[in-house]
Amino acid sequence: MLEMTREEFEELVAEALDRIPPELTRLMDNVAVFVEDEPAKDDPELLGLYEGTPLTDRGEWYAGVLPDRITIYRGPTLRMCEDREDVVAETEITVVHEIAHHFGIDDERLHALGYG
């Protein structure tokens, strides 16, 4: 498995977030991004997870709720990548994939766009 500290991986996630166009990040609302080492044991190869209510599903009732949560998992990403460049690319894909869920884009459409 490729070695990379948690701090190095967190920096890659931050850099991927910085590459999201500003016109999109301005539209993001009530969402927080986290890095964890491993996903739940029932899905050990999960690279990222979006938990919350997509912007497209929010209505008048949406107020005073906890932020949506995007989690990027370090362990599975490092296990599937061969070198640092692969980690950079996979991290960016995963970050975009999970942000797309925040915007209401489903997995089928993301796969069609190359972010599966």
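Each remark here, short or long, concerns the structure printed above.
Fair warning: this is a prediction, and the values are worked out from it, not measured in the lab.

A.B. asks: Report on the overall build of the chain, specifying residues and quantitative values.
C.D. replies: In terms of helices and strands, the chain carries five helices and three strands. Going from N to C terminus, the chain has its helices and strands arranged as α-α-β-β-β-α-α-α. Dimensions of the chain along its principal axes, counting C-alpha atoms only, are 45 × 30 × 25 Å. Taking all 116 residues of the chain together, the buried fraction comes to 34%. Considering only contacts in the chain between residues 6 or more positions apart, those separated by 24 or more positions represent 74%. Averaging the coordinates of the 10 positive side-chain charges in the chain and doing the same for the 29 negative ones gives two points 3 Å apart.

A.B. asks: Which residues make up the pattern of salt bridges, and what values do they have?
C.D. replies: Pairs may arise between side chains of opposite charge once their charged atoms sit close together. Using the criterion set out here, one finds nine salt bridges in the structure. A salt bridge links Arg-79 to Glu-38; its shortest N-O distance comes to 3.0 Å. Residue Arg-79 is located in helix α3 (residues 74-80), and its partner Glu-38 is located in the loop between β1 (31-36) and β2 (48-51); the two are separated by 41 residues in the primary sequence. Residues Arg-58 and Asp-68 are paired through a salt bridge, measuring 2.7 Å at the closest nitrogen-oxygen approach. Of this pair, Arg-58 sits in the loop between β2 and β3 (68-73) while Asp-68 is found in strand β3, placing the two residues 10 residues apart along the sequence. Neither Arg-58 nor Asp-68 differs from the other in exposure class; each is buried. If you follow the salt bridges from partner to partner, you end up with Arg-6, Glu-10, Asp-37 and Arg-74 in one network.

A.B. asks: Lay out the nonpolar core with the relevant residues and their values.
C.D. replies: Judged by nonpolar contacts, the single largest core of 17 residues is most densely connected at Met-4, Phe-9, Val-13, Ile-72, Val-87, Val-95 and Ile-99. Secondary-structure elements contributing two or more residues to this core are α1 (6-18), β3 and α4 (84-102). Non-local contacts of Val-95, meaning those with residues more than four positions away in its chain, are made with Val-13, Ala-16, Leu-17 and Ile-72.

A.B. asks: Can you lay out the sheet that holds β2 for me, pointing to particular residues and giving the numbers?
C.D. replies: One open sheet accounts for three strands, arranged β1-β3-β2; its pairing is mixed. The open sheet is flanked by β1 and β2, the only strands paired with a single partner. Across the sheet, the axes of successive neighbouring strands diverge by a mean angle of 15°, strand direction being ignored. Across four bridges, the pairing between β2 and β3 is antiparallel. Counted as the bridge partner of Tyr-50 is Ile-70 from β3. Across the sheet, α1 touches β1 and β3, and the angle it forms with β1 is around 150°.

So, how was this worked out
- Residues numbered from 1 in each chain as written.
- Predicted model: local features only at pLDDT ≥ 70, side-chain atom pairs only at ≥ 80, totals over all residues.
- Heavy atoms only, no water.
- Helix = DSSP H or I, 4+ residues; strand = E, 2+ residues; numbered from the N terminus.
- Buried < 20%, exposed > 50% of the residue type's maximum accessible area, 1.4 Å probe, protein only.
- Contact = heavy atoms within 4.5 Å.
- Lys, Arg positive; Asp, Glu negative; His and termini not counted.
- Charge placed at Lys NZ, Arg CZ, Asp CG, Glu CD.
- Salt bridge = Lys/Arg side-chain N within 4 Å of Asp/Glu carboxyl O.
- Core = buried A, V, L, I, M, F, W, Y, C linked by side-chain atoms within 4.5 Å.
- Pairing = 2+ DSSP bridges.
- Axes fitted to C-alpha atoms, helices over the stretch in contact; angles between N-to-C directions.

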